[in-house]
Amino acid sequence: MSSDPQWKSFQPSTMDSDTAILDFKTLSISSPNGSPYNNGANGSSNHGHYNHYPQNYGSSGGSSFPIGTFTGREGNDGSFNGDSNTNSSSNSNSFNQSQPRERDQREPQQSQQQQNNSDGAYHSATRETGIIEKLLHSYGFIQCCERQARLFFHFSQFSGNIEHLKIGDPVEFEMTYDRRTGKPIASFITKIAPEVVLSEERVTGNVTTEIRSDGQGGETQGRISYENRGECFFLPYNKDDVEGNVTLRSGDKVSFQIAANPRGNLGASHVRLENPAHPVRYQGVVCSMKESFGFIERADVVKEIFFHFSESKNKEEIRLGDDVEFTIQTRNGKEVACNITVLPRGSIIFEDVNDEIMKGQVLKPLERGQNVRHQNDPLPGRIKYRAADHSESEVAFGDKDQKGDFTLRHGDWVSFRLAIDRRDGLKRATDISLLDESFNVSGERREQGVVTAVKDGYGFLRCVEREPKLFFHFSEVLNVDKDVSVGDEVEFTMIQDQASSFSHMRQRAIRIKHLPPHTVKFENVMEQNVSGTVTKDVLPGYWNQRSPSKNQSNDKTDPGTITYTINEGKKTITYSLKDCDHKCLPKVGDQVEFDIAQVKRNKELVAINVRVSQRAAGGDRGDGALHQGYIAALKDGYGFIENLAHDMEVFFHFSNLDGDANKLELGFEVEFTLNIRGTSGTCMSAENVKVLPKGTLKAPTVLPDVLDGKVVRPLRSVNPEQEQYAGLIEASTEAEGEKGAEYEFGITSLTNKRELLQIGDPVHFQVDSQGRAANVAAIRKKRRATVDSVKGLFGFLAYEVEEGKKLFFHMSEVKENATLQAGDTVDFVLVTNHRTGKSSACNVTKVCENTQRPERLISRLRTTSVDDTGPKLTVLRQPKGPDGTKGFTIARVPRLPGVGVE
């Protein structure tokens, strides 16, 4: 019905209303032959209405029209009683006795005729009917109803208020000819209305007849029944009149609007399913979720449908990507998914993907950046390829069809597979990969480099041919199956980042391809096996400091120099730490062999692959003996060793460790050799560090007495500014004000090696046979709190030392390597660094896991309501007991009958 332009629901500007039946508005319609239209005087247009009506509807041979009022033309009084033979003065059975007669439609025709005669225009006296097809600024077009014609008209030819004229309105006009062009136009236009015009409210009814195929490629009409004042009526409807891509079944409850074409034929339009008699189960996949609602991608049509979390019938929460089954109901004029149940994963398949790998060329790549916000097409990309029949075809693709989010350019050669949507048969390209031949076609400049840093989703490259480090995002890596790691060798294209400002045009790498190891060369070897003498040591920058800073990069080194003779002339060349053997670093005066290479970036000559061939006399500035000690501190890439005398610490770099640095722990027993670092000759470093089996170094005997005391000097690892390495504990005495005995302690004296003892901390300790403190344990108050958040290697507790700041803790302080998450209850010790004033949690012990429901579920329960339109209950404050705990404790005390409780 809705496909025919004559079938519309019209809203005229001013209409006489008859509230007798459903508040319908009525207006007379004349039949083409000029006689009053009485809806089926020949009995052929009853549209399924019952043939028995109340007595006052009339009893003549024609079927009576149950709704509306007709007004006739000259010779009729405009009343309708269902009997064509009834005298015009007899109106006792008139359907609308109180309705006034409508203005005779001949009056405007006569006035228009007189006006036409006065201005000399030529026109036909025959008036036609049509539908407003198009309205522009000051003119429009009318589609004729009786013939295939489309006529132009100017707004000045309309007899009413032009603002009341809408597209689809039926009109009556006379055809005349434009005096300038001679083309036919419409003039003397008046608006007519269908017999029944529905008010804003919708009518409710039930489907009695379904739409079925007629066996000839067409479909039969369905029928809907509804009641009015105790009478039952039937209206036809077509497939195009049904909203929402649903199939109506017999017994379904629907709402609709009643519409009529200019000939008075009634039908149901805008039919909406309200409550199915036998609910149909639909399937889909949850595609998006908010706080308490979401959307489901339907498997039957290309459409999303709204759902509320309260419609879930499963105990478990609905998650993004779940396959679900549901029914559809209409609420507030919109379709919603109800009675949702979760299906097993993989139950729903939207499309069939062809196994054949296709090859094509990108015609239109995806837009990136700000332009994506204004993109309405879900598949904006295009690929040209050769189909199976050797014809040239195009296929669309979207942002989720690439294997990664790398940049595609026009003309790129790609491989892909075809996917066909089961719902509408739409083809698209998926599993798109970039082919290497694209770089040859594009002519882009490809560069090489090595990954030097990896962050959260991005990283930096050291380029072969440019000085600064280059930014890149993980999305630009072509091989999505390979993780990006430091040291990876890659090939890439450099572009200017359009998102950066013009004053800071940042460069970044795109279309990144992994290369095999040892492919990237930063230097070109010019000469090999050259002999020379070291004239300056190569030392890391932090080796000249007593306490290296972890914020300094380990690869920032002061270059060394080598003097060599070539062509009877002496030359000096630089070398770096990365080109030496870390376990046998060259010293001043050592004879070395090396290769001469030219750096591609700046064409500078450097020495690489430096090897010590002969040590200089006295060149080993260490004593050469093996020393032993204990790991006292571990930093970022380096650490310190406490010697056996417990009176000093020795620096060592992880590169000098024989083993895995990640397995080092405080207190480990090690052996090492000493070597002088720097140019002062006083700074010693440990080399050839090797971990010893536990118990190799004999510990002194510990006396049984347990003493109390307090720390008067911490270890130097706690306070690097102090001169003495060892810490000092003063024993407590019985006499007030009397100073007790003092005992030194080191890393081996601590029961908990990670505990940072501060000045003034009370401790329990024992004394060993060497007069040193042993088994030192801090006496600290245990506190309890909940975990606020966990972020990788550290986290925060819901415990405020300073206003508005959570308490920091490191995961290394968590005992028994327990896994913590937000909401867990823990015991901890509060430690404050007297030098920095910052507090942290130590000795974190997990007490119990979080049993509270997730916040998302809590908010769901808060907003769940049986009646969506009624008031909702929202919890503003959770109940707490007098002691501040959640909930209420049992306050009643058991007592004997008749005995009061004191």
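Residues numbered from 1 in each chain as written. Predicted model: local features only at pLDDT ≥ 70, side-chain atom pairs only at ≥ 80, totals over all residues. Heavy atoms only, no water.

Heads up, the rule is: UniProt positions are given in the numbering used here, feature names are shortened, and annotations may be inferred rather than shown by experiment.
Named according to an unreviewed UniProt entry, the protein is Cold shock domain-containing protein E1 originating from Frankliniella fusca. The Sequence similarities (unreviewed entry) field of the UniProt record for the protein holds the comment "Belongs to the UNR family." In its Subcellular location (unreviewed entry) section, the UniProt entry covering the protein states "Cytoplasm".

### Examining the overall build of the protein
Short version of the rule: A helix here means a DSSP run of H or I that spans at least four residues, while a strand means a run of E at least two residues long, and both kinds are numbered starting from the N terminus. Relative accessibility under 20% of the residue-type maximum defines a buried residue, over 50% an exposed one, and the middle range a partly exposed one, all with a 1.4 Å probe and only protein chains included. Throughout, a residue-residue contact means that at least one pair of heavy atoms, one from each residue, lies within 4.5 Å. Surface exposure here means Shrake-Rupley accessible area, sampled with a 1.4 Å probe, where a residue is shielded only by the protein chains that are shown.
Looking only at helices and strands, the protein has three helices and 51 strands in total. Across the 902 residues in the protein, those meeting the buried criterion constitute 41%. Long-range pairs, those at least 24 residues apart, make up 57% of the contacts in the protein with a sequence separation of at least 6. Of the roughly 51,400 Å² that the protein leaves accessible, carbon and sulfur atoms contribute 48%.

### A closer look at the sheet that holds strand S50 (residues 825-832)
Short version of the rule: The rule for pairing is simple: two strands pair if DSSP sees at least two bridges between them. Every angle, taken between N-to-C directions, lies between 0 and 180 degrees, and every axis is a line fitted to C-alpha atoms, over only the stretch in contact when it is a helix.
Read around the closed barrel, five strands run S47-S48-S49-S51-S50, paired in mixed fashion. Strand-to-strand twist across the sheet, computed as the mean angle between neighbouring axes with direction ignored, equals 50°. Where strand S47 (residues 782-791) meets strand S48 (residues 794-800), four bridges bridge the pair, whose relative direction is antiparallel. Note that in S48 the partner of Ser789 across the bridge is Phe796.

### Looking at the pairing of strand S15 (residues 293-298)
Two elements, strand S14 (residues 282-289) and S15, share five bridges in a ladder whose sense is antiparallel. Counterpart to Ser288 in the pairing with S15 is Phe295. The hairpin formed by S14 and S15 contains three residues between the paired strands. With antiparallel pairing between neighbouring strands as the criterion, S15 and strand S16 (residues 304-308) make up a hairpin whose turn holds five residues.

### Concerning the nonpolar core
What counts, and what does not: The nonpolar core is taken to be a set of buried Ala, Val, Leu, Ile, Met, Phe, Trp, Tyr and Cys residues, with the residues joined through side-chain atoms within 4.5 Å.
Ranked by internal contacts, the top residues of the largest apolar core, which has 30 residues, are Leu248, Phe256, Ile296 and Phe326. When residues of this core are assigned to their parent elements, the largest contribution, four residues, is made by strand S13 (residues 266-275). Ignoring sequence-local partners within four residues, the contact set of Leu248 consists of Val207, Glu210, Tyr237, Val242, Val254, Val271 and Leu273. Residues Ala632, Val711, Leu757 and Val763 belong to the second largest nonpolar core, which totals 20 residues.

### Quick look at the packing of aromatic side chains
To keep it simple, the criterion reads: Pairing of aromatic side chains here covers Phe, Tyr and the six-membered ring of Trp, requires ring centres within 6.5 Å, and sorts the geometry by plane angle: under 30 degrees stacked, over 60 edge-to-face, intermediate tilted.
Taken as a whole, this structure holds 26 aromatic pairs when the rule is applied. Measuring from ring centre to ring centre gives 6.2 Å for Tyr458 and Phe460, while their planes differ by 85°; the resulting arrangement is edge-to-face. Among the residues examined, Tyr458 registers a relative accessible area of 30% and is labelled partly exposed. Residue Phe460 is classed as partly exposed on the basis of its relative accessible area, which comes to 27%. Ring plane angle 75° and centroid distance 5.6 Å describe the contact between Tyr564 and Phe594, whose orientation is recorded as edge-to-face. Here Tyr564, found in strand S33 (residues 560-566), pairs with Phe594, found in strand S35 (residues 591-599); they are 30 residues apart in sequence, far enough to count as distant.

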